[in-house]
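Next come the chains, spelled out residue by residue.
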Amino acid sequence: MSETKHSGSCHCGQVRYRLTTAPMFVHACHCRDCQKQTGGPFAVNALIERDRVMVEAGVPVRTEQTTDSGRPHDIWRCPACQTALWSDYGRREVMVFVRVMTLEDPDRCPPDVHIFTRTKRPFFDLPPGAKAFDVFYDMETEWPADSLARRKAILSR
Ligand SMILES: [Zn+2]
Ligand SMILES: [Zn+2]
């Protein structure tokens, strides 16, 4: 894997980062929160260990979102242009959801699954063969074994 394959930045370029490995799993999330927060029909999130996101320039700032569940949802943004770079659901600080479209080459991290398709907009058709779930899915079934092991490793730290 080339070093530059997974580099990313905000819109203005003040914050630059790099994923040091491929993500564990990639979600396309069609929930209403993602639609509201992105202004688009879905968000594409690469789930990866926080310590595999290397900030190379700038200092992202944390913004707190409200959630129905009351569970914390922090979005880390560029302080200048406010582009959302990654989310930390639950404020666990070990795993983040990187906004794939902020990567320089988003096509390297296509969605593994589409979730919350119960609120998928009718003007968007899922690609043929896409794995889609009304709400969520069973991780043990869908995640590759090595990704499950990576997740287990960070959550048991
Ligand atoms: Zn920026
Ligand atoms: Zn969502």
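Residues numbered from 1 in each chain as written. Chains lettered and ligands numbered in written order. Predicted model: local features only at pLDDT ≥ 70, side-chain atom pairs only at ≥ 80, totals over all residues. Heavy atoms only, no water.

Q: It is not clear to me how helix H3 (residues 145-155) should be interpreted in this structure. Could you clarify?
A: In an α-helix, one turn spans 3.6 residues, which is why side chains three or four residues apart end up on the same side. For H3, the set of buried residues is Ser147, Leu148, Arg150 and Ile154. Buried residues of H3 fall within an arc of 160° about the axis and therefore sit on the same side. Turned more than 90 degrees away from the buried face of H3, the exposed residues are Ala145, Asp146 and Lys152. Looking at the buried positions of H3, the neighbouring elements they touch are strand S4 (43-49), strand S9 (95-99) and helix H2 (139-142). (Buried < 20%, exposed > 50% of the residue type's maximum accessible area, 1.4 Å probe, protein only. Helix = DSSP H or I, 4+ residues; strand = E, 2+ residues; numbered from the N terminus. Arc of directions from axis to C-beta. Contact = heavy atoms within 4.5 Å.)

Q: I keep staring at the coordination of the zinc ion (ligand 1) and nothing clicks. Help me out?
A: The expected angle between donors at a tetrahedral four-coordinate metal is 109.5 degrees. At an octahedral six-coordinate metal it is 90 or 180 degrees. Coordination sphere of the zinc ion (ligand 1), protein contribution only: Cys10 (SG), Cys12 (SG), Cys78 (SG) and Cys81 (SG), at 2.3 Å. Geometry at the zinc ion (ligand 1) is tetrahedral, judged from its four donor atoms and the angles of 105 to 113° they form at the metal. The class for Cys12 is partly exposed, based on a relative accessible area of 43%. Given the relative accessible area of 0%, Cys78 is considered buried. (Donors = N, O, S within 2.8 Å, 3.2 Å for Na, K, Ca; no water. Tetrahedral: all angles 85-135°; square planar, octahedral: opposite > 155°, others 65-115°.)

Q: Whenever I open this one, the nonpolar core confuses me. Can you help?
A: Grouped burial of nonpolar side chains is what soluble globular proteins tend to show. Cys34, Met95, Val113, Tyr137 and Trp143 are the most contacted members of the largest nonpolar core, which has 19 residues in total. Contributing elements (two or more residues each) for this core: strand S3 (25-29), S4, S9, strand S10 (113-115) and H3. Core analysis: the second largest hydrophobic core is formed by 17 residues, Val26, Cys78, Trp86 and Cys109 among them. (Core = buried A, V, L, I, M, F, W, Y, C linked by side-chain atoms within 4.5 Å.)

Q: Even after reading the chapter, I still don't get the pattern of salt bridges, so can you show me in this structure?
A: Close approach of charged atoms lets side chains of opposite charge pair. All told, the structure shown has nine salt bridges when counted by the stated rule. Between Arg62 and Asp74 there is a salt bridge, and its shortest N-O distance comes to 3.6 Å. In this pair, Arg62 sits in strand S6 (residues 61-65) while Asp74 sits in strand S7 (residues 73-77), placing the two residues 12 residues apart along the sequence. Under the relative-accessibility criterion, Arg62 is labelled partly exposed at 39%. Given a relative accessible area of 1%, Asp74 falls into the buried group. The salt bridge partner of Glu142 is Lys131, with a shortest N-O separation of 2.8 Å. Placement of the pair is Glu142 in helix H2 and Lys131 in the loop between S10 and H2, with a sequence separation of 11 residues. (Salt bridge = Lys/Arg side-chain N within 4 Å of Asp/Glu carboxyl O.)

Q: It is not clear to me how the sheet that holds strand S2 (residues 16-19) should be interpreted in this structure. Could you clarify?
A: Where strands meet in a sheet, backbone hydrogen bonds hold them as pairs that are either parallel or antiparallel. In space, the three strands of this open sheet follow the order S1-S2-S5, with antiparallel pairing throughout. Strands at the two margins of the open sheet, each flanked by one partner only, are strand S1 (7-9) and strand S5 (53-57). Each neighbouring strand pair of the sheet contributes to a mean axis angle of 30°, computed without reference to strand direction. In the sheet, S1 pairs with S2 via three bridges, with the strands oriented antiparallel. By the bridge assignment, Gly8 is partnered in S2 with Tyr17. (Pairing = 2+ DSSP bridges. Axes fitted to C-alpha atoms, helices over the stretch in contact; angles between N-to-C directions.)

Q: Can you help me understand the environment of Val59 in this one?
A: Checked against the element boundaries, Val59 lands in the loop between S5 and S6. A C-alpha to C-alpha distance of 7.1 Å links Val59 and Cys78, two positions 19 residues apart in sequence. Discounting chain neighbours no more than four positions away, the residues touching Val59 are Val15 and Pro79.

Q: I'm lost on unusual backbone geometry in this one. Help?
A: In terms of backbone geometry, most residues other than glycine have negative phi values and most peptide bonds are trans. Although it is not a glycine, Gln82 adopts a positive phi angle of roughly 70°. Its location among the elements puts Gln82 in the loop between S7 and strand S8 (84-89). Overall, the relative accessible area of 41% leaves Gln82 in the partly exposed class. At Glu93, a position not held by glycine, the phi torsion is positive, near 65°.

Everything listed here is a matter of coordinates, which is why it stays silent on function.
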